[in-house]
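Summary of structural features
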Amino acid sequence: MKHSLAILAIVKNCEKTLYKNVKKISKLCSEFSSVKMFVFENNSTDNTKEILKKCKEDFDFFNFWAFNYSEEELHQIAPTLHVKGKLCRIELITHARNFLLDRLKEESNNFDYTLVIDIDAFYFNVKKLPKIIKKYSKGKVVLISTHNSNIAEKLDSIIMIP
């Protein structure tokens, strides 16, 4: 029996890798009964938004939300300032992932697996992902990341790939 898969990703200024990586992910569609991808983008200054539109046209499983937050809105989302006076990146990422998790709940809670990925750093062998997800996922939500993450309280299982 095939399982269903939801994929959550955050993007910003990743025009060079976005389409290629979504195309890689599209190969997962044959491994699952259904696949749906939810992407959050905000304040990109490159061609990312246009590539998101192209992905939406080319891939049925692809959905995205794009935002251009004002400085005031960004300070409300991330009130903690970094030592160098910049907004706290972790708070911005947490906001984006929580937004996607909320959309996922609205969409349907019937996915067997939810994969949270760093789409701009997606270096995994896609053919191995279904086996990895099924082997290591203890619950419904799994994070596969090449970076550290501070969203453990929202996830059932975390897989770190060096």
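Everything below is about the structure shown above.
The text that follows walks through the structure, step by step, so that each part is easy to find. All values reported here derive from a predicted model rather than from experimental measurement. (Residues numbered from 1 in each chain as written. Predicted model: local features only at pLDDT ≥ 70, side-chain atom pairs only at ≥ 80, totals over all residues. Heavy atoms only, no water.)

**Examining the packing of aromatic side chains**
Counted under the stated rule, the structure contains 10 aromatic pairs. Both rings, one in F67 and one in Y69, keep their centres 5.3 Å apart while their planes meet at 0°; by these two values the pair is stacked. Y69 gets classed as buried once you look at its relative accessible area, which sits at 15%. Chaining the aromatic ring pairs together yields one cluster made of F38, F40, W65, F67, Y69, F99 and F111. Looking at R103, its charged tip hangs above the ring of F99, at a distance of 4.2 Å from the centre. (Phe/Tyr/Trp six-rings, centres within 6.5 Å; stacked < 30°, edge-to-face > 60°. Buried < 20%, exposed > 50% of the residue type's maximum accessible area, 1.4 Å probe, protein only. Lys NZ or Arg CZ within 6 Å of the ring centre and 35° of its normal.)

**Side note on the environment of K24**
With respect to the helices and strands, K24 occurs in helix α1 (residues 18-26). For the pair formed by K24 and K127, sequence separation is 103 residues and the distance between their alpha carbons is 9.5 Å. (Helix = DSSP H or I, 4+ residues; strand = E, 2+ residues; numbered from the N terminus.)

**Observations regarding the packing of α1 against helix α2 (residues 48-58)**
At their nearest, the axes of α1 and α2 sit 9 Å apart, and the two run at 25° to each other. Relative to α2, the element α1 is oriented roughly parallel. Between α1 and α2 lies a crossing of right-handed hand. Residues L18, Y19 and V22 of α1 form the contact with α2, whose participating residues are T48, I51, L52, K54, C55 and D58. Residues belonging to the contact of α1 with α2 are distributed by class as follows: six nonpolar, one polar and two charged. (Axes fitted to C-alpha atoms, helices over the stretch in contact; angles between N-to-C directions. Parallel < 35°, antiparallel > 145°, perpendicular 65-115°, else oblique. Left-handed = near helix turned anticlockwise from the far one by under 90°. Contact = heavy atoms within 4.5 Å. Nonpolar A, V, L, I, M, F, W, Y, C, P; charged D, E, K, R; others polar.)

**Regarding the pattern of salt bridges**
Pairing is possible between side chains that carry opposite charge, provided their charged atoms lie close to one another. Throughout the structure, instances matching the rule amount to four salt bridges. Note that E50 and K53 form a salt bridge whose closest N and O atoms lie 3.3 Å from each other. Remark: K53 and E50 occur in helix α2; sequence separation between them is three residues, near one turn of the helix. Overall, the relative accessible area of 43% leaves E50 in the partly exposed class. (Salt bridge = Lys/Arg side-chain N within 4 Å of Asp/Glu carboxyl O.)

**Thoughts on unusual backbone geometry**
Not every positive phi belongs to a glycine, and N13 is a case in point at roughly 50°. If you trace the backbone, N13 turns up in the loop between β1 (4-11) and α1. Owing to a relative accessible area of 35%, N13 belongs among the partly exposed residues under this scheme. In this structure, N43 takes a positive phi of about 55° despite not being glycine. Among the structural elements, N43 can be located in the loop between β2 (34-42) and α2. We classify N43 as buried; its relative accessible area is 18%.

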